[in-house]
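What follows is the residue order along each chain.
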Amino acid sequence: MSTVQSTGLRMRVSEKFGGTVQGEGASTGVPACFIRLALCNLICAGCDTPYTWDTSRFDLREESYFASVEELLAWALDQPEDLVVVSGGEPLLQMAGLTALVQGLRAAGRAVEIETNGTIAPSPELVAAGPRFNVSPKLSRFGAAMPQTRRIIPDVLRAFAATGLARFKFVVCEPGEVAEVAALEAAYGLTNISVMPEGTTPEAVLAGMRALEVAVREHGYRLGTRLHVLMWGDERGR
Ligand code: SF4
């Protein structure tokens, strides 16, 4: 068991699991462990982790629990994987705890990726800790309940781009939506862009990749996948 200093900070956690690989983004296939934090500031139609935030369908008292930063840190440092992915929900809602967690992981030599929807700017302290940010802005198809002013925050996207630590990852259903990605790229200086299909079955993911391939290539983006879905469908804890 690793020993870590107490921060006094507690975080609301949905689940954590190791013994897997990063399923999305530039580190696809890299052995990783995951800490999934509860709570989100968006309400995306088609969200694949609604149990982290949707109180109309889930009881968050059963779906989440509180853990201290040092408990999470000790758990992560006991996992054999070098890469720790902090996902959600929206992890940046818990900025203080997240920063302390990332600082501890980085001090111990672990690589850290934070999966974020890109609507909350990272604090200078979090950026200085040196995680990678996998930023996934939500396109218009994520629901009429989310106008652009809620899901696209220009100053925040520019702030992520300016860190030099961000990769932008878009979930797209139709090839035509890649033009929406290109508009955001041009407006906010986004770089390191990948486009991946929606889908919770291997068949849907593969069909989406085939449908998107030409448009993604024409824009010079990276075609992403959902490796965990290809291997395990929508099984939780994978
Ligand atoms: S930002 Fe992510 S976790 Fe939050 S509602 Fe949208 S898809 Fe779900």
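Residues numbered from 1 in each chain as written. Predicted model: local features only at pLDDT ≥ 70, side-chain atom pairs only at ≥ 80, totals over all residues. Heavy atoms only, no water.

**Observations regarding the side chain of K138**
Which entries qualify depends on this criterion: Numbering of helices and strands starts at the N terminus; helices are DSSP runs of H or I of at least 4 residues and strands are runs of E of at least 2. Residues adjacent in sequence count toward polar contacts only when both atoms are side-chain atoms; beyond that, a polar contact is any pair of N or O atoms within 3.5 Å, and within protein one must be able to donate a hydrogen and the other to accept it. What makes two residues a contact is simply this: any of their non-hydrogen atoms within 4.5 Å.
Relative to the helices and strands, K138 resides in the loop between β6 (132-135) and α5 (148-151). Here the side chain of K138 touches S136 through a polar contact of 3.2 Å, side chain to side chain. Excluding its chain neighbours within four sequence positions, the residues that come into contact with K138 are L42, C44, N117, M146, R151 and I152.

**Here we look at the nonpolar core**
This is how the line gets drawn: Here, nonpolar core refers to any group of buried Ala, Val, Leu, Ile, Met, Phe, Trp, Tyr and Cys residues whose side-chain atoms link them within 4.5 Å. Each residue's exposure class comes from its accessible area (1.4 Å probe, protein chains only) as a fraction of the maximum for that residue type: buried when under 20%, exposed when over 50%, partly exposed otherwise.
L101, F168 and F170 are the most contacted members of the largest nonpolar core, which totals 49 residues. Each residue touching F168, except ones within four places of it in the same chain, is listed here: V135, P137, L157, F160, A161, L190, T191, N192, I193 and S194.

**Details of the packing of aromatic side chains**
Put simply, the rule is: Two aromatic rings, drawn from Phe, Tyr or Trp (for Trp, its six-membered ring), form a pair once their centres lie within 6.5 Å of each other, and the interplanar angle then sorts them: stacked below 30 degrees, edge-to-face above 60, tilted otherwise.
All told, the structure shown has 3 aromatic pairs when counted by the stated rule. Look at F17 and F34: their rings are 5.3 Å apart centre to centre, the planes differ by 10°, and that puts the pair in the stacked class. Here F34 lies in strand β2 (residues 31-37) and F17 lies in strand β1 (residues 10-21), a separation of 17 residues in the sequence. For F17, a relative accessible area of 9% gives the class buried. For F34, a relative accessible area of 9% gives the class buried. Ring geometry for Y51 against F58: centres 6.4 Å apart, planes inclined by 75°, an arrangement best described as edge-to-face. For F58, a relative accessible area of 25% translates into the label partly exposed.

**Quick notes on the side chain of E81**
In plain terms, the rule: Counted charges follow a simple rule, with Lys and Arg positive, Asp and Glu negative, and His plus the chain ends left uncounted. By salt bridge we mean one thing: a side-chain nitrogen of Lys or Arg within 4 Å of a carboxyl oxygen of Asp or Glu.
With respect to the element layout, E81 can be found in the loop between α2 (69-77) and β4 (83-87). One buried charged residue, E81, remains without a salt bridge, the closest side chain of opposite sign being R110 at 6.5 Å. Here the side chain of E81 touches G19 through a polar contact of 2.8 Å, landing on its backbone nitrogen. Every residue in contact with E81, bar those within four places of it in the chain, is listed here: G18, G19, T20, P31, A32, C33 and R110.

**Quick word on the packing of α2 against helix α3 (residues 95-107)**
Worth spelling out the cut-off: For every element, the axis is a line fit to its C-alpha atoms; helices are fit only across the contacting stretch, and the angle between N-to-C directions ranges from 0 to 180 degrees. Here a crossing is taken to be left-handed if its near helix is turned anticlockwise relative to the far helix by less than a right angle, and right-handed if that turn runs clockwise. The residue classification treats Ala, Val, Leu, Ile, Met, Phe, Trp, Tyr, Cys and Pro as nonpolar and Asp, Glu, Lys and Arg as charged. All others, Gly included, are polar.
The interhelical angle for the contact between α2 and α3, taken along N-to-C directions, is 35°, at an axis separation of 10 Å. Crossing angle aside, the handedness with which α2 passes α3 is right-handed. Where α2 abuts α3, its residues V69, L72, L73, A76 and L77 lie against G97, A100, L101, G104 and L105. A per-class count over the contact of α2 with α3 returns 8 nonpolar, 2 polar and no charged.

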